[in-house]
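Next come the chains, spelled out residue by residue.
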Amino acid sequence: MFVYRLVQAGLLIPMLAFIVNCSGSGDTTAEEKFQSPSSTCGSFAIKNKFIVHWKNGDMTFESAVDREKFVNEFMTENNEEIAWAEHDYKLKQFNPVTSPIASSEVTEFDWGQQKIQVEDVWARGIDGSGVLVAVIDSGVDIDHPQLANQIYRNPREFENGIDDDGNGLIDDISGYDFERDRPQVTDGTGHGTHVSGIVGASHSNGNIKGIAYGAKILPLDFMNSEGEGSLSDAVSALNYAADQGARVINASWGGAPCSESLGAAINGLNQKGILVVVASGNNGQNLDVRPEFPAAYTYSNQITVGASSPNDFTADFSNYSGALVDIVAPGVSIYSTYTFPSERYLDGTSMAAPFVSGAAALLFSHRPSATVQQVKEALLFSVDSGPFPVATRGRLNIKKAIEYIETVVQ
Ligand SMILES: [Ca+2]
Ligand SMILES: [Ca+2]
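Owing to the predicted nature of the structure, the values given are computational and were not obtained by experimental measurement.

As a further point, take the packing of helix H11 (residues 372-381) against helix H12 (residues 398-408). Where H11 meets H12, the closest approach of the two axes is 8 Å, and the angle between their N-to-C directions is 135°. Considered as vectors, H11 and H12 are oriented oblique to each other. When the axes of H11 and H12 are compared, the crossing they make is right-handed. Counted together, Gln 374, Val 375, Glu 377, Ala 378, Leu 379 and Phe 381 of H11 and Ala 401, Tyr 404, Ile 405 and Val 408 of H12 form the full contact between these two elements.

This is how it looks when you write it as structure tokens:
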């Protein structure tokens, strides 16, 4: 099924362009243009869904009964225009984990907010106003008392059964559910609601203190009630976020050991000035040894985030890497909004990433003309150093990041 719409031209990473050039002679067969999954990727492939990269730079999503039919019929018919194709792949939310030792360090429910010194930023009136943060996840409980007023509203779309803004989606007023292909966003697992509260819960109507409580949240659902989704729906959500004007995208998911299509989509967002914040994953592994994506990508508009504890140790479940993980942020016993009950503690790198997404929103809000590179630098160059096995060796400090960006952007 055609899901959202084409990825715009120019998104392909150089490696893909190389493949395009190589296939330009016209003598490459459809079979040769199909990139079969490696042995580690095979179990993640969705057997009847495919991602097509066209020579003009577009990316589309197609269905067929199986690989053989797809190659012999669709790809052969369109062979002249196709650069290459691959299976669609499964992605998953990073399921919450528990870390009893790290949790025992917790004394206050908002320890994370205190640790990154965000109260000092709020006291200066910096709250994320004017910034749109897309939460691409399991959905969001958009009626939650602390989130209802934080949700983005598409000004070009109305509840009337018509695609008013002509983007291919009917009544996409407050986000979209790409998994079920409908405008009503719900949250089947609670994961996206927890992430959203960390990014930007209102400071009224409850206990949660969202980092960027003046920002708007764009809820984009691409997961089923098991917390699983497809790469094609994730890419559709990424591109939708860009079209709506998001400056920050939170991606607390991954787990795929493969696929270049997701990388092409994230890299393409760099040209649109969008920062993508990615959780490092909860396997307690070195990503250098066992790379997973998107965490292990190194695009200049991406920040990969591990989880830290109240006493500034790396959480035992957090994936790490001195090259591929950039920073750590609070990710142990994080209290946030939830579906049922309406508030709860969760542990995971999924909780650490939205601290950074919220912090990025504060920076963009304070300096709207800042580039993605300047915001990324501000976040990474102002960390509090600690025993963290990540590239900066540091934990997020938004107070210092705000001071940093003031020296770089007037
Ligand atoms: Ca629409
Ligand atoms: Ca409409």
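Here we come to the coordination of the calcium ion (ligand 1). All of the protein donors around the calcium ion (ligand 1) are Glu 157 (OE), Asp 163 (OD), Asp 165 (OD), Asn 167 (OD1), Leu 169 (O) and Asp 172 (OD); their distances to the metal are 2.2 to 2.4 Å. Because the angles between the six donor atoms bound to the calcium ion (ligand 1) fall within 77 to 158°, the donor set is best described as irregular. With relative accessibility at 8%, the residue Asn 167 sits in the buried group. The buried category is assigned to Asp 172, whose relative accessible area is 0%.

Further remarks concern the layout of surface pockets. A water-sized probe rolled over the atoms picks out the places where empty space is left. Size it by volume and the largest pocket reaches roughly 390 Å³. Lining the largest pocket are 18 residues, with Phe 44, Gly 255, Asn 283, Gln 285 and Glu 292 sitting closest to its centre. Per element, the largest residue contribution to the lining of the largest pocket is four residues, and it comes from strand S4 (residues 82-93). Its residues assigned to classes, the lining of the largest pocket shows six nonpolar, eight polar and four charged.

Counting residues in each nonpolar core, the largest one holds 64 residues, and the members touching the most others are Leu 379 and Ile 398. Core analysis: the second largest hydrophobic core is formed by 51 residues, Leu 132, Ala 234, Tyr 240 and Leu 269 among them.

Here we take up the coordination of the calcium ion (ligand 2). Within the first shell, the calcium ion (ligand 2) binds the protein through Glu 157 (OE), Phe 158 (O), Asn 160 (OD1), Ile 162 (O), Asp 164 (OD) and Asp 171 (OD), at distances of 2.2 to 2.4 Å. Linear spacing of the donor residues for the calcium ion (ligand 2) on their chain is E-F-x1-N-x1-I-x1-D-x6-D. When its relative accessible area of 11% is taken as the criterion, Asp 171 is described as buried.

Chain-level pLDDT for the protein chain is 92 on average; 94% of the residues reach the 70-or-more range. Contacts from residues 1-25, a stretch scored under 50 in pLDDT, to residues over four places away or in other chains number 63 contacts.

Scanning the model with the defined rule gives 14 salt bridges in all. In this structure, Lys 115 engages Asp 312 in a salt bridge whose closest nitrogen and oxygen atoms are separated by 3.9 Å. Separated by 197 residues along the polypeptide, Lys 115 in helix H5 (residues 111-115) and Asp 312 in the loop between strand S12 (302-308) and strand S13 (327-330) bring together distant segments of the chain. In this structure Asp 312 comes out as buried when scored by relative accessible area, which is 16%. Across the salt bridge formed by Asp 221 and Arg 180, the nearest N and O atoms sit 3.3 Å from each other. Of this pair, Asp 221 sits in strand S7 (residues 216-221) while Arg 180 sits in the loop between strand S6 (176-177) and helix H7 (191-200); the two residues are 41 residues apart in sequence, bridging distant segments of the chain. Residue class for Arg 180 comes out partly exposed when judged on its relative accessible area of 32%.

Rules used throughout
- In this convention, every chain numbers its residues from 1, walking through the sequence in written order.
- Ligands are numbered from 1 and chains lettered from A, in the order in which they are written.
- The predicted nature of this model means local features are confined to residues of pLDDT at least 70 and side-chain atom pairs, given and counted, to a pLDDT of 80 or more, with totals for whole chains, interfaces and linings taken over all residues.
- With hydrogens and water set aside, each side-chain value is computed from the structure's full complement of heavy atoms.
- Working convention: axes come from line fits to C-alpha atoms, limited for helices to the stretch in contact. Angles between N-to-C directions cover 0 to 180 degrees.
- Strands are runs of DSSP state E lasting at least 2 residues, helices are runs of H or I lasting at least 4, and numbering of each runs from the N terminus.
- Between 65 and 115 degrees an angle is taken as roughly perpendicular, under 35 as roughly parallel, over 145 as roughly antiparallel, and anywhere else as oblique.
- In this scheme, a crossing is called left-handed if the near helix is turned counterclockwise away from the far one by less than a right angle; it is called right-handed if the turn is clockwise.
- Throughout, a contact is declared for two residues whenever any of their heavy atoms are within 4.5 Å.
- Only nitrogen, oxygen and sulfur atoms qualify as donors, provided they sit within 2.8 Å of the metal or within 3.2 Å for Na, K and Ca; with water excluded from the atoms, sites may seem incomplete.
- For four-coordinate sites, all angles between 85 and 135 degrees define a tetrahedron; for four- and six-coordinate sites, opposite donors beyond 155 degrees with the remaining angles between 65 and 115 define square planar and octahedral shapes respectively, and all other cases count as irregular.
- Here's how the labels work: a residue is buried when its accessible area is under 20% of the maximum for its type, exposed when over 50%, partly exposed in between, all with a 1.4 Å probe on protein chains only.
- Only protein atoms enter the 1 Å grid used here. Points where a 1.4 Å probe fits but cannot escape make up a cavity, open sets with protein on both sides within 12 Å along at least five of seven lines make up a pocket, and a residue lines them when an atom lies within 4 Å of a point.
- Grid points are joined across faces, edges and corners, and a volume is the space filled by probe spheres set on the points.
- For this scheme, ten residues count as nonpolar: Ala, Val, Leu, Ile, Met, Phe, Trp, Tyr, Cys and Pro. Four count as charged, namely Asp, Glu, Lys and Arg, and the remainder, Gly too, count as polar.
- Buried Ala, Val, Leu, Ile, Met, Phe, Trp, Tyr and Cys residues form a nonpolar core when they are joined through side-chain atoms within 4.5 Å.
- Confidence per residue, as judged by the predictor, is encoded in pLDDT with a range of 0 to 100.
- Note on definitions: salt bridges are taken to be side-chain nitrogens of Lys or Arg within 4 Å of carboxyl oxygens of Asp or Glu.

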